[in-house]
Amino acid sequence: MEITIIGWITVPLILGMFFMSYEHCLLTFIVFSSFTTVTAINIGNNSINVYYFMLCVCLLRTLIKLTNKNGIIELKRFNLISFFVIYATLSLMVTPFVQNKGVIIHTIEGVWDYVKVGLNQYTQLIYLIAAYACYVMLYMAIIKEWISYSKIEKALDYSYLIVLILGLLQLVIPIELVNITYRYHSNASYTIAGARISSTFLEPSMLSLFVLPLFIRHVNIFLKDFNLFSLLCICMNIAIVVQNSSSSFYVGLIIALIVTLFIFFCNLKSRFKINRKRFFIILLLIAILLIIMFFMNAYIYNNIILMLNKLFQRGNQDTKNSSGAVRMEQIQVNMKAFLKFPITGVGWGECRSTDLFTTLLVNVGLLGTGPLFFYIVKLTISLWKIRDREVGYLIIAILSMFGMMLVSVPELYYFLFWIYLAMAESKLKIYRRNANNEIRVG
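Read on for an overview of the structure. Bear in mind the structure is a predicted one, so any value in this text is a computation, not a measurement.

### Topic: the pairing of strand β2 (residues 39-43)
Extensive coverage of β2 is indicated by the burial of 4 of its 5 residues. Sheet topology note: the strand β1 (residues 2-3)/β2 ladder contains 2 bridges and is antiparallel. When the sheet's bridge partners are listed, Glu2 is paired in β2 with Asn42.

### Considerations on a nonpolar patch on the surface
Taken together, the side chains of Val11, Leu15, Phe18, Phe19, Leu60 and Ile64 present a nonpolar region at the surface, about 590 Å² in accessible area. Those elements that provide at least two residues to the nonpolar patch are α1 (5-16) and α3 (50-69). Along the polypeptide, Leu15 turns up in helix α1. The class for Leu15 is partly exposed, based on a relative accessible area of 49%.

### Details of unusual backbone geometry
Even without glycine at this site, Glu145 takes up a positive phi of about 60°. Phi at Ser199 takes a positive value of approximately 55°, unusual for a residue other than glycine. For Ser199, the location among the structural elements is in the loop between α8 (175-181) and α9 (204-224).

### Here's the deal with the pattern of salt bridges
The tally for this structure, following the rule as stated, stands at 6 salt bridges. Among the ionic pairs, Lys116 bridges to Asp113, the shortest N-O distance being 3.1 Å. On the basis of relative accessibility, which here comes to 25%, the residue Asp113 falls in the partly exposed class. A salt bridge links Arg217 to Asp157, with the shortest nitrogen-to-oxygen separation between them at 2.7 Å. Here the residue Arg217 occupies a position in helix α9, and Asp157 occupies one in helix α7 (residues 149-169), the gap between them amounting to 60 residues.

### What to know about the packing of helix α4 (residues 80-90) against helix α16 (residues 356-386)
Between α4 and α16, the least distance of the axes is 8 Å, while the angle of their chain directions is 165°. Here α4 lies roughly antiparallel to α16, going by the angle between them. Seen from above, α4 lies across α16 with right-handed handedness. For the pair α4 and α16, contact is made by Leu80, Ile81, Phe83, Phe84, Tyr87 and Ala88 and by Leu360, Val364, Leu367, Gly368, Pro371, Leu372, Phe374 and Tyr375, respectively. For the contact of α4 with α16, the per-class residue count stands at 13 nonpolar, 1 polar and no charged.

### Here's the deal with the packing of aromatic side chains
According to the stated counting rule, one finds 22 aromatic pairs in the structure shown. Aromatic pair Tyr52 and Phe415: ring centres 5.9 Å apart, planes at 85°, arrangement edge-to-face. Pair noted here: Tyr52 is in helix α3 and Phe415 is in helix α18 (residues 415-441), with a separation of 363 residues, a long-range link. For the residue pair Tyr52 and Phe415, the accessibility class agrees, reading buried in each case. Plain terms: the ring middles of Phe201 and Phe210 are 5.5 Å apart, the flat faces sit at 35° to each other, and that makes the pair tilted. Pair check on accessibility: Phe201 and Phe210 agree, each one buried. By the ring-pair criterion, three or more aromatic residues cluster together here, those being Phe29, Tyr51, Tyr52, Phe84, Tyr127, Trp348, Tyr413 and Phe415.

### Things to note about the packing of helix α2 (residues 22-32) against helix α6 (residues 119-143)
Helices that pack against each other are described as a pair by the angle of their axes relative to one another and the distance between those axes. Packing of α2 against α6 brings their axes to within 12 Å, and their N-to-C directions diverge by 140°. When the axes of α2 and α6 are compared, the pair comes out oblique. Where α2 crosses over α6, the two elements pack in a sense that is left-handed. In this structure, α2 uses Tyr22, Leu26, Phe29 and Ile30 to contact α6, whose residues at the interface are Cys134, Met137, Leu138 and Ala141. A class-by-class count of the residues in the contact of α2 with α6 yields 8 nonpolar, no polar and no charged.

### Some details on the nonpolar core
Grouped together as the largest cluster of nonpolar side chains are 120 residues, with contacts concentrated most on Phe29, Trp348, Phe417, Trp418 and Tyr420. In this structure Phe29 touches Met17, Tyr51, Met54, Leu55, Cys58, Cys134, Met137 and Phe415, once residues within four positions along its chain are discounted. Core analysis: the second largest hydrophobic core is formed by 12 residues, Val98, Val103, Ile105 and Ala337 among them.

### Examining α9
With 21 residues, α9 should cover 30 Å at 1.5 Å per step; its first-to-last C-alpha distance of 29 Å lies within 8% of that length. Along α9, the largest kink reaches about 35° and is centred on Val211; proline Pro213 follows within four residues of it. Of all 21 residues that make up α9, 17 are buried, and the element is covered over most of its length.

### Here we look at the environment of Arg217
Taking relative accessible area as the criterion, Arg217 reaches 16% and is therefore assigned buried. A C-alpha to C-alpha distance of 9.8 Å links Arg217 and Ile234, two positions 17 residues apart in sequence. Side chain to side chain, Arg217 and Asp157 meet in a polar contact 2.7 Å long.

Cut-offs used in this document
Residues numbered from 1 in each chain as written. Predicted model: local features only at pLDDT ≥ 70, side-chain atom pairs only at ≥ 80, totals over all residues. Heavy atoms only, no water. Buried < 20%, exposed > 50% of the residue type's maximum accessible area, 1.4 Å probe, protein only. Helix = DSSP H or I, 4+ residues; strand = E, 2+ residues; numbered from the N terminus. Pairing = 2+ DSSP bridges. Patch = residues over 30% accessible without salt bridge, like charges linked within 9 Å, V, L, I, M, F, W, Y side chains within 5 Å. Areas by Shrake-Rupley, 256 points an atom, 1.4 Å probe, with all protein chains shown as cover. Salt bridge = Lys/Arg side-chain N within 4 Å of Asp/Glu carboxyl O. Axes fitted to C-alpha atoms, helices over the stretch in contact; angles between N-to-C directions. Parallel < 35°, antiparallel > 145°, perpendicular 65-115°, else oblique. Left-handed = near helix turned anticlockwise from the far one by under 90°. Contact = heavy atoms within 4.5 Å. Nonpolar A, V, L, I, M, F, W, Y, C, P; charged D, E, K, R; others polar. Phe/Tyr/Trp six-rings, centres within 6.5 Å; stacked < 30°, edge-to-face > 60°. Core = buried A, V, L, I, M, F, W, Y, C linked by side-chain atoms within 4.5 Å. Expected span 1.5 Å × (residues − 1). Bend = angle between axes of the 7 residues up to and from the residue. Polar contact = N/O pair within 3.5 Å; in protein donor to acceptor, adjacent residues only side chain to side chain.

In structure tokens, the structure reads:
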């Protein structure tokens with residue numbers, strides 16, 4: 001067992017969370033929730049991340065607070081996201097029946113192998129349960145008014161700024177210093193000279209998943225009113241995206257743009273007003289940004305050419321060696337595994353494809369994937385009915401992040417997504433509660 005250098009720095013902070021107010025304890029966790037490659041302890045080939053320690057402290061303090069207040073969990077209805085987590089857990093019982101069937105998948109270890117029972121299934125399940133616990137904890141805290149939306153957003157802003165700064169530092173500070181501070185994780189691909197920026201995340205696509213919704217938030221803030229903090233974040237974000245050539249960011253930005261257009265043109269009620277001039281300024285800014293990135297980014301251009309070559313020159317060797325060809329191969333083989341067990345899947349934590357969609361289909365089949373999709377759709381429709389500006393941002397953030405994961409990020413564990421789910425669910429709960437109170441008063 002090894003306590004890392006950053007561990008010696010963060011462990012006192014983790015201990016200090018026991019003595020902070022409950023609100024500040026949660027806010028500290030939210031700020032550090034983006035530190036996915038920062039570990040406090042390495043045990044052999046396994047690592048325990050700083051933010052998992054912080055989550056454990058927050059969960060413990062939540063249980064204590066509920067006990068002292070005689071509180072109960074406010075999730076009175078059994079929602080689909082809960083069903084998804086329960087089925088993912090139960091799906092581990094499917095694997096023993098599948099492992100002798102000769103099903104080949106792309107595994108968590110990144111190799112092609114037959115389905116078999118392994119320890120990785122349980123570690124992957126722990127990650128999922130931890131993310132779900134974060135969602136439930138924040139949902140309760142907001143409902144019970146132990147923490148406010150505005151402070152959660154401020155904590156996310158601080159986390160966003162730290163991630164951007166650490167990303168840019170990858171380009172200027174010694175590689176060894178980067179690795180022993182915020183890339184010190186047994187499974188992290190350590191930064192090398194000239195590497196694509198990924199900051200405190202394992203890959204650039206995962207960094208994009210985190211920064212995109214916050215980038216959109218600060219573009220909106222800056223266009224409403226001059227804000228130096230937002231301008232600084234926007235400039236750093238653009239610099240990082242141009243440097244790391246993350247196609248996931250473009251995918252998410254396009255999804256966000258489509259959702260924004262839908263909200264703008266379909267919303268006819270006065271409760272959800274948008275300044276049209278500022279809206280079109282946002283669209284123009286995004287369009288200019290996409291054009292600049294497209295023509296300056298040889299990575300995207302080359303991938304498009306390789307994709308066209310794949311369509312018209314199937315035997316081209318360069319095409320076969322492209323990342324797009326590798327991605328397509330993984331999808332095809334994993335889909336064959338899904339078709340063998342389309343209902344149940346092969347068990348949670350077995351497969352890791354290049355995208356969340358095929359990863360879910362292979363691991364939990366239609367029984368697990370269906371409820372998750374229905375949950376996102378139902379949540380989005382429910383939020384849409386509120387017709388509130390803040391809710392509009394939550395719709396854009398959730399759909400853009402979910403869309404990015406479906407096409408380029410195979411894990412469902414990133415806490416920002418679950419934080420937004422908690423904010424959205426609690427927003428619905430508070431809205432319905434206030435609506436019922438108005439009816440009673442009337």
